[in-house]
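Breakdown of the fold
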Amino acid sequence: MEIYVLRLGHRPKRDKRISTHVALTARAFGACGIYFDVNDEKLFESINDVCKRWGKNNGRCEFFIKTCNWRNMLKNFDGLKIHLTMYGMPLNEKLYEVKKHKKILVIVGAEKVPSEVYQLSDLNISIGNQPHSEVAALAIFLDRVLDEEEFKINFLDAKIQVKPTEKGKKLIKLQNSPQD
Ligand code: SAM
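Residues numbered from 1 in each chain as written. Predicted model: local features only at pLDDT ≥ 70, side-chain atom pairs only at ≥ 80, totals over all residues. Heavy atoms only, no water.

Notes on the packing of helix α1 (residues 12–28) against helix α6 (residues 134–145)
Relative orientation of the contacting elements α1 and α6 amounts to 5°, with a least axis distance of 9 Å. In terms of their interaxial angle, α1 and α6 are classed as roughly parallel. Across the interface between the two elements, Ile18, His21, Val22, Thr25 and Ala26 of α1 pack against Glu134, Val135, Leu138, Ala139 and Leu142 of α6. (Axes fitted to C-alpha atoms, helices over the stretch in contact; angles between N-to-C directions. Helix = DSSP H or I, 4+ residues; strand = E, 2+ residues; numbered from the N terminus. Parallel < 35°, antiparallel > 145°, perpendicular 65-115°, else oblique. Contact = heavy atoms within 4.5 Å.)

Here it is, written out as structure tokens:
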């Protein structure tokens, strides 16, 4: 399944940290790319830097970060458009329907999401009906829809990788890294 994320309403001064976490979660949990409706050069640079060191090719697609016009994106996307909102229908009730699709756009907000987004989306889905965070909502959505794929992702072009250990921190340098 190809999953793309649309981050709506990013405010560069206020949301840098949480939007960075949205993008990192999208990459680490198996999305193919993330679109922002606002350009934020610094944020894009830091995500591209993570992609250079930790990889962007997860074996199915190469992760990207780009800007887009959100209205055009919602009108023209040729797959299922899912808006994550606490007002939506519970994910468990819609998972079967979601999994029938091969291409999905997941929309998460920052500030108040325009009401048009609720109309232009095919599904408005909640991860519980309490207010929480776009990072939590996206992580749980990707985990459920991609069936825990985040635990198996191996970035083919990574220069560094973690070697899991009981205690401490171990990093491995991979062949993709330039000779020093
Ligand atoms: N106050 C904003 C509004 O009414 O649209 C929501 C702000 S919330 C901090 C940011 C984003 O987190 C939302 O746009 C939504 O995508 C996501 N989110 C928060 N709680 C959620 C929930 N229970 N289920 C699904 N998504 C949620």
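Quick notes on the site of the ligand
By nearness alone, 17 residues border the ligand, and Leu84, Gly109, Ile127, Gly128 and Gln130 come closest of all. At a separation of 3.4 Å, an oxygen atom of the ligand approaches a polar backbone atom of valine 113. Within the side chain of histidine 132, an N or O atom sits 3.2 Å from a nitrogen atom of the ligand. In the complex, 79% of the free accessible area of the ligand, which totals 570 Å², lies under the protein chains. (Near = heavy atom within 4 Å. Polar contact = N/O pair within 3.5 Å; in protein donor to acceptor, adjacent residues only side chain to side chain. Areas by Shrake-Rupley, 256 points an atom, 1.4 Å probe, with all protein chains shown as cover.)

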